[in-house]
Amino acid sequence: MATTRLMPLHSGKGRTVAEALGRVTDYVENPEKTNGGDLVTAYQCNPSIADQEFLFSKRQYAAITGRERKENDVIAYHLRQSFKPGEITPELANKIGYDLAMSLTKGKHAFIVCTHIDKHHIHSHIVFNSTAIDCTRKFRNFWRSSFVIRKISDMLCLENGLSVIAEPKPSRGSYSTWLGEDKPPTVRGQLEQMIDTALGQGCKDFDSFLAAMKTAGAEVKRGKHLAFKIPHGKRFVRCDSLGADYSEAAIMERISGKRIVAPRAKAAARSKPNLLIDIQAKMQQANSPGFERWAKIFNLKEMAKTVIYLQEKGLTDFGELEKACDAAAQ
């Protein structure tokens, strides 16, 4: 199960083509993110000098075609492919990324695939040259290319026994929603949790609250605005930029008991059963044995969740289930 995003790379204002290429390749090939470079593969280029080889091909393109580069020309394409935590190994993610790049470029453009393992989820960065290997043409981004890339990615996931998102929503925030409870908390969310924990320790006054925050590892900045920096955080976060219950005045009210904040409700440990997939209808659209296999397994899992839910609620008798449904409808 993976999400993909294609990003055209331009030189940008104040940067040369060489600087732009060098910056993106240095980032994706970072040995601290790619297990010392073991998770870097390439096609028709040397990963250590890929930016220079890309640049040389563009000079060859200009010499062969006589066309000069324009300011808004795309110099490379950066494709990011992210996988659900716990579902894939770094090696398999790199292989799928390589196969995705090969299928998309049809082997006509050089590329590098760098799989990062420094985040909560494994993800691969694919950078391919906009100039073809023979230096006579360029890759042109086409209408609905993101849709085509997702289809290729889904097929590769199915072929490797991974699940896919049956009905993805066209939203930039869909990946966070897709992660669900596995999604790591944001910096602001972590700071709010630290404040809640410190206040829950029975602070008598504001100074004891600040002492509790320091004990928890947060750095404190007092001035016109109260701000904290969480452990391993990059910058201070002002309290008045958080929720209404986390400003300096609100914290003082919470200490004095004038403001009561209810504890955050935790999500249920077991996910709710989803509606079953109509395999026959979907097969007419996808025509994929891999999708059919995945859909059958998905339906079996959802049926099992439904049975467990009915057993927990004592609704194994159909008559009792009908009464419960009628009562809920009322």
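Structure first, text after, so check above.
The numbers attached to residues start from 1 for each chain and follow its sequence in the written order. Only residues with pLDDT of 70 or above have their local features reported here, since the model is predicted, and side-chain atom pairs are shown and tallied only from 80 upward, although totals for entire chains, interfaces and linings are computed over all residues. Each side-chain value is derived from all of the structure's non-hydrogen atoms; neither hydrogens nor water enter the calculation.

**Section: the sheet that holds strand β6 (residues 219-221)**
The three strands are arranged β6-β7-β8 in an open sheet whose pairing can be described as antiparallel. One side of each edge strand has no neighbouring strand; the edge strands of this open sheet are β6 and β8 (237-238). When β6 meets strand β7 (residues 227-229), the two strands line up antiparallel, connected through three bridges. Looking at β7, one finds that glutamate 219 is bridged to lysine 229. When DSSP finds two or more bridges between a pair of strands, those strands are recorded as paired. The numbering of helices and of strands both runs from the N terminus, where a helix is a DSSP run of H or I of at least 4 residues and a strand a run of E of at least 2.

**A short note on the nonpolar core**
Nonpolar cores are built from buried Ala, Val, Leu, Ile, Met, Phe, Trp, Tyr and Cys residues. Side-chain atoms within 4.5 Å join them into one set. Each residue is assigned to one of three classes by its accessible area relative to the maximum for its type, calculated with a 1.4 Å probe on protein chains only: buried under 20%, partly exposed between the two thresholds, exposed over 50%. Of all hydrophobic cores here, the largest spans 24 residues; its most connected members are Leu79, Ile88, Leu100 and Phe128. At the level of secondary structure, the elements contributing two or more residues to this core comprise β3 (76-83), α3 (90-105), β4 (111-116), β5 (123-129) and α4 (145-159). Beyond its immediate stretch of four places on either side in the chain, phenylalanine 128 contacts Leu6, Phe54, Ala76, Tyr77, Leu104, Thr105, His109, Ala110, Phe111 and Phe139. Of all hydrophobic cores here, the second largest spans 21 residues; its members include Phe206, Phe209, Ala212 and Phe228. Here, residues are in contact when the closest pair of their heavy atoms is within 4.5 Å.

**Observations regarding the pattern of salt bridges**
Side chains that carry opposite charge are capable of pairing whenever their charged atoms lie near each other. Should a side-chain nitrogen of Lys or Arg be within 4 Å of a carboxyl oxygen of Asp or Glu, the pair is scored as a salt bridge. Summed over all chains, the structure comprises eleven salt bridges. For the salt bridge of lysine 95 with aspartate 99, the shortest nitrogen-to-oxygen distance reads 3.0 Å. With lysine 95 and aspartate 99 both in helix α3, this residue pair falls four residues apart, about one helical turn. Residue aspartate 99 is classed as partly exposed on the basis of its relative accessible area of 23%. Close ionic contact of arginine 254 with aspartate 196 constitutes a salt bridge, the shortest N to O distance being 2.9 Å. In this pair, arginine 254 sits in helix α8 (residues 248-256) while aspartate 196 sits in helix α6 (residues 187-199), placing the two residues 58 residues apart along the sequence. Note on arginine 254: relative accessible area 16%, which makes it buried. Among the charged side chains, a salt-bridge network with shared partners connects Asp245, Glu253 and Arg259.

**Quick word on the side chain of aspartate 51**
Here aspartate 51 is to be found in helix α2 (residues 50-65). The buried charged residue aspartate 51 lacks any salt bridge partner; its closest oppositely charged side chain belongs to arginine 59, at an N-O distance of 11 Å. Among all residues touching aspartate 51, those that are not within four sequence positions of it are Leu21, Gly22 and Thr25. Within this scheme the basic residues Lys and Arg register as positive and the acidic residues Asp and Glu register as negative, but His and the chain ends are omitted.

**Some points on α6**
One less than the number of residues in a helix, times 1.5 Å, gives the span that helix is expected to have. For α6, with 13 residues, the first-to-last C-alpha span of 18 Å sits near the 18 Å given by 1.5 Å per residue. Gly189, Leu191, Glu192, Met194, Ile195, Ala198 and Leu199 are the residues of α6 that are buried. Next to the buried residues of α6 lie α7 (206-215), β7, β8 and α8.

**Quick word on the packing of aromatic side chains**
Whether two aromatic rings pair depends on their centres lying within 6.5 Å, for rings of Phe, Tyr and Trp, where Trp uses its six-membered ring; planes under 30 degrees apart make the pair stacked, over 60 edge-to-face, and the rest tilted. Per the stated rule, a full pass over the model turns up seven aromatic pairs. Taking 5.2 Å as the distance between ring centres and 15° as the angle between the ring planes, the aromatic pair formed by tyrosine 77 and phenylalanine 128 counts as stacked. Of this pair, tyrosine 77 sits in strand β3 while phenylalanine 128 sits in strand β5; the two residues are 51 residues apart in sequence, bridging distant segments of the chain. Summarising the aromatic geometry, the rings of phenylalanine 209 and phenylalanine 228 are spaced 6.1 Å apart at their centres and angled 90° between planes, so their arrangement reads as edge-to-face. Here the residue phenylalanine 209 occupies a position in helix α7, and phenylalanine 228 occupies one in strand β7, the gap between them amounting to 19 residues. Using a relative accessible area of 0% as the deciding quantity, one classes phenylalanine 209 as buried. Take phenylalanine 228: its relative accessible area is 1%, and that puts it in the buried class.

**Regarding the pairing of β3**
Across the eight residues of β3, seven count as buried, placing the element largely inside the fold. Here seven bridges tie β3 to β5, and the two strands are oriented antiparallel to one another. Of the residues in β5, the one forming a bridge with glutamine 81 is serine 124.

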